[in-house]
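This is what each chain is made of:
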2 protein chains.
Amino acid sequence: MSDSVVADERWSADRWQDIATPFLAVDLPTLRRNVARAQALCDDGGVRLRPHVKTHKIPEVARLQVDAGARGLTLATVGEAECFADVGFDDLFIAYPVLATPDVGTRVQRLLETADVILGVDSRDGVDALVRHGLATHPRLSVLVEVECGLRRTGVAPEEAGTLAAYAAEHGLTVGGVFTFPGQAYAVGAGKPAAEDEARALSRAAEAFTAVGLPCPVRSGGATPSYEATDTTVVTETRPGVYAFQDAQQVALGTAATSDVALAVVTTVVSTPAPDRLVLDAGSKVLAADRPAYVDGHGMLLGVPGARVDRIWEHHGVVDVSGVDPSDVPRTGDRVAVLPNHACTAINLADRVHVRDGDERGTWSVAARGMNG
Amino acid sequence: MSDSVVADERWSADRWQDIATPFLAVDLPTLRRNVARAQALCDDGGVRLRPHVKTHKIPEVARLQVDAGARGLTLATVGEAECFADVGFDDLFIAYPVLATPDVGTRVQRLLETADVILGVDSRDGVDALVRHGLATHPRLSVLVEVECGLRRTGVAPEEAGTLAAYAAEHGLTVGGVFTFPGQAYAVGAGKPAAEDEARALSRAAEAFTAVGLPCPVRSGGATPSYEATDTTVVTETRPGVYAFQDAQQVALGTAATSDVALAVVTTVVSTPAPDRLVLDAGSKVLAADRPAYVDGHGMLLGVPGARVDRIWEHHGVVDVSGVDPSDVPRTGDRVAVLPNHACTAINLADRVHVRDGDERGTWSVAARGMNG
């Protein structure tokens, strides 16, 4: 392979020999740098960093985040919480309107044997279910009321947060405060306005708590494209996830540079059937199918100026090379690196990632992969 | 839950109790019926059915297909082939331009100890790699030349098939014939034209074989939306995959009725934050993110007339219920069923599926999940 094929030497073929493609490669120095940088930003702003581990689902990465100063983890599901509790993490916020069905109630009870657990709640039904399963007064359990700040997903309106908090408190629950997810940050130029939406919603929610005579010490927000613009006069905690690895989405949003991305799919050119295209052995079952309007193609192919991962099937990535200088076009058998559009969904497809730190190489298991319930 | 919430009783909540949502449910009678119907169609047309197991990755389903009359399996990767060979399947066609790197060469050699293996090839590089690894003359190995029939993915032009076949034969390989994938069938009304493209390409390729003095006994095609229109005067083998389960894509294409779909995501309403929407605990990590232009939403929500799975995040499915009669709107805690858009990518996210056959319930492991290399 010519040097021009892989411009970023972190992903060059000779650094990842003897691993069958396609696979996910992690550059540990870049990951460490991303984690340290985010931690320093949060420390400087006096905001607690509680990283969302749904991005990586890998205990080794969570350990690295906590060792760098993160306080507690954010999780999407009870299954993820179980996975991280099993390996010793004991401060877990499931940032989701967890509905305590009998099964979920029993599992949360078990979690509480080894961890402090915070659950999201956005309805009286949610509160009632916790009460019904005898969880309300557990000393290690608390809830945060979810408010919505513009995404129109889960969460009550900020003005209603006090009423729901009061309802929960009356039923014996410890209410720590409020949280929101400013997912509207996922659009070009939207990070700062989303952070403003977040601050406004959390601030109004805190006022609504005051109106019912409740304190609101935790005001939690955050998403990777917005957390750097966090309003530290309002927000006490932030929960970005992707920041640890970064991905092609974040590059397109301007949140990260290509050199900040710590995760790549290493893939082989398996076919060069026509001058205008080549085909990679990575498709939607490796790269994932996420493709927001603001990204150009199904991931960012590195080192081939003018190329674009144009179309994907499950096991085929078709690269348009019609605009590429013929001497730069990879050949059958060459390995190239593609930065996936969305780290969270790409990692969730893999059972393990391959990790390189200087001359050392190893693997991490994606321990919480597929734990969706 | 009211009866109106789940109109299709196969997926009604009381049939799937005690399983934590979200999960994949399989209705075995429907699956068996789909398999039998496709087999009968192929038998009637005198076409060999070699089902693509990348759809399900489940040995139990492959066994059911073979027991119904399927002859051999189609696979996407060497990893899938290893998985199915391990449990005794011995007639395996990897319908992909397999590039015999040292690792792949060694693994194919091992496969050949227990199975007849057919590999796709679409380049001299592909032939050369097989020769280099001493596989060319193995008595249990043969190749099919891949030709393209309009998809502009892998495969040589049909007219070039003879030249490549001759090159392979000169180097000692057994060339069984040609194959193509008429993926352009994935558009409304495109099934029949795609089948015509397929027949034309396979026919021309066979002529190109004749021109170089080679027989072309295997002319293999097929995709679920096109295989029923197979030109049986040309095509000898078809390789649909999705037909076994069907999915919302196939319903949108008119290939299947809702009642033909044997696979559903059972999910819980976790939030009803506003009158115009509700939120399910199934998002892109369960339903997969595939959303071609011809489908309406991220999967088909059953039993709620006028509802649409409008937006998804990893663990949230937001359903627009603004056009739904209020008495039909599910409530927090209700379970509903969503037919995923694409069976192949949804199953690949799960470690297991739950299966129901009359009063009996069990699970199948998605044994080849994630085997992308």
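Relevant structure appears above.
Model, not experiment: these values are computed from the prediction. (Residues numbered from 1 in each chain as written. Chains lettered and ligands numbered in written order. Predicted model: local features only at pLDDT ≥ 70, side-chain atom pairs only at ≥ 80, totals over all residues. Heavy atoms only, no water.)

Caption draft 1: Looking closely at empty space enclosed by the protein. Per the counting criterion, the structure on display carries three cavities of 30 Å³ or more. Within this model, the largest cavity holds a volume of roughly 150 Å³. In this structure, the largest cavity is lined by 16 residues; those nearest its centre are A288, A289 and L349 of chain A together with A288 and L349 of chain B. Among the elements of the structure, α9 (284-287) of chain A together with α9 (284-287) of chain B are those that each provide at least two residues to the lining of the largest cavity. Its residues assigned to classes, the lining of the largest cavity comprises six nonpolar, six polar and four charged. Of the voids in this model, the second largest cavity is the one considered here, and its volume is about 50 Å³. What lines the second largest cavity is E146, V147, E148, L151, R153, T154, T180 and F181 of chain A. Within the lining of the second largest cavity, the residues separate by chemical class into three nonpolar, two polar and three charged. (1 Å grid on protein atoms, 1.4 Å probe; cavity = no way out; pocket = protein on both sides within 12 Å on 5 of 7 lines; lining within 4 Å. Points joined across faces, edges and corners; volume = space filled by probe spheres on them. Helix = DSSP H or I, 4+ residues; strand = E, 2+ residues; numbered from the N terminus. Nonpolar A, V, L, I, M, F, W, Y, C, P; charged D, E, K, R; others polar.)

Caption draft 2: Broad picture of the pairing of strand β7 (residues 175-179) of chain B. Residue and element names in this part refer to chain B. The buried count for β7 comes to five of five residues, which makes it a mostly enclosed element. Where strand β6 (residues 141-146) and β7 come together, four bridges link them in parallel fashion. Its bridge partner lying in β7, V145 is registered against V178. Tracing the backbone out of β6, into helix α6 (residues 161-170) and back to the parallel element β7 gives a crossover that is right-handed. (Buried < 20%, exposed > 50% of the residue type's maximum accessible area, 1.4 Å probe, protein only. Pairing = 2+ DSSP bridges. Right-handed = clockwise from strand over helix to strand, strands pointing away.)

Caption draft 3: Representation of the interface of chain B and chain A. At the interface, 57 residues of chain B touch 57 residues of chain A. When the two sides are added together, the surface that chain B and chain A hide from each other amounts to roughly 4300 Å², 51% of it contributed by carbon and sulfur. At the junction of chain B with chain A, the criterion picks out four salt bridges. Of the charged contacts in the structure, one is a salt bridge between E314 of chain B and K54 of chain A, with a shortest N-O distance of 3.0 Å. Taken together, chain B and chain A are joined by 28 residue pairs in polar contact (both at pLDDT 80 or more). Every element with two or more residues in the side of chain B that touches chain A is listed here: β4 (91-97), α4 (102-111), β10 (263-274), β11 (277-280), α9 and α10 (343-347) of chain B. Per element, the largest residue contribution to the side of chain B that touches chain A is five residues, and it comes from β10 of chain B. Looking at the side of chain B that touches chain A, its residues break down into 20 nonpolar, 18 polar and 19 charged. (Contact = heavy atoms within 4.5 Å. Buried area = accessible area lost by both parts, 1.4 Å probe. Salt bridge = Lys/Arg side-chain N within 4 Å of Asp/Glu carboxyl O. Polar contact = N/O pair within 3.5 Å; in protein donor to acceptor, adjacent residues only side chain to side chain.)

Caption draft 4: Expanded view of the sheet that holds strand β5 (residues 116-121) of chain B. Residue and element names in this part refer to chain B. Taken together, the eight strands give an open sheet; going across it, the order is β2-β9-β8-β7-β6-β5-β4-β3, and neighbouring strands pair in parallel fashion. Each end of this open sheet is capped by a strand with a single partner; those strands are β2 (48-49) and β3 (73-75). Strand direction decides the pairing type here: β4 and β5, joined by five bridges, are parallel. In the sheet register, P97 faces β5, and the bridge partner there is G120. Each of β5, β6 and β7 touches α6; the most contacted strand, β7, lies at about 155 degrees to it. (Axes fitted to C-alpha atoms, helices over the stretch in contact; angles between N-to-C directions.)

Caption draft 5: Representation of the sheet that holds strand β6 (residues 141-146) of chain A in the model. All names here are of chain A. Strand order in the open sheet made by the eight strands is β2-β9-β8-β7-β6-β5-β4-β3, with parallel pairing throughout. Of all the strands in the sheet, just β2 (48-49) and β3 (73-75) have a single pairing partner and so form its edges. With three bridges joining them, β3 and strand β4 (residues 91-97) adopt parallel strand pairing. The partner of L75 across the bridge, within β4, is I94. Against the sheet, helix α7 (residues 191-211) engages β6, β7 (175-179) and β8 (218-221), with an angle of about 150 degrees to β7.

Caption draft 6: Representation of the relation of the copies chain B and chain A in the model. Expressed as a screw operation, the relation of chain B to chain A combines 0.0 Å of axial shift with a rotation of 180 degrees, fitting to an RMSD of 0.0 Å. Here the symmetry operator amounts to a two-fold rotation axis. Measuring from the rotation axis to each C-alpha of chain B, the shortest distance belongs to A289 of chain B, at 2.8 Å. Interface overlap between copies is the fraction of interface residues in one copy that are interface residues in the other; for chain B against chain A it reaches 100%, indicating a shared surface. (Least-squares fit on C-alpha atoms with pLDDT ≥ 70 in both.)

Caption draft 7: How the structure looks around unusual backbone geometry. Omega for the peptide link from T21 of chain A to P22 of chain A comes to -5 degrees, which places this bond in the cis form. Structurally, P22 of chain A is set in the segment before β1 (23-27). The phi dihedral of Q246 of chain A falls on the positive side, at around 60 degrees, and the residue is not glycine. Here Q246 of chain A is to be found in the loop between β9 (237-238) and α8 (248-253). Its identity is not glycine, yet D18 of chain B carries a phi of approximately 65 degrees, on the positive side.

Caption draft 8: Looking closely at the packing of helix α3 (residues 78-86) of chain B against α4 of chain B. Residue and element names in this part refer to chain B. Closest axis-to-axis distance for the α3/α4 pair is 10 Å, and the angle between their directions is 25 degrees. One way to sum up the angle between α3 and α4 is to call them roughly parallel. Handedness of the crossing formed by α3 with α4: left-handed. The residues of α4 that touch α3, namely those facing V78, G79, A81, E82 and A85, are V104, R107, V108 and L111. (Parallel < 35°, antiparallel > 145°, perpendicular 65-115°, else oblique. Left-handed = near helix turned anticlockwise from the far one by under 90°.)

Caption draft 9: Region of the structure containing the pattern of salt bridges. Residues and elements named next belong to chain B. Enumeration according to the criterion identifies 49 salt bridges over all chains in this entry. Put simply, E82 and R107 hold a salt bridge, and the shortest N to O gap is 2.8 Å. Residue E82 is located in helix α3, and its partner R107 is located in helix α4; the two are separated by 25 residues in the primary sequence. The same class applies to E82 and to R107, which are both buried. The partner of R369 in a salt bridge is D351, and the shortest N-O contact between them spans 3.8 Å. One end of the pair, R369, is in the segment after β17 (360-365); the other, D351, is in the loop between α10 and β16 (352-357), and 18 residues separate them in sequence. Taking relative accessible area as the criterion, R369 reaches 4% and is therefore assigned buried. According to the relative accessible area criterion, D351 is partly exposed, its value standing at 34%.

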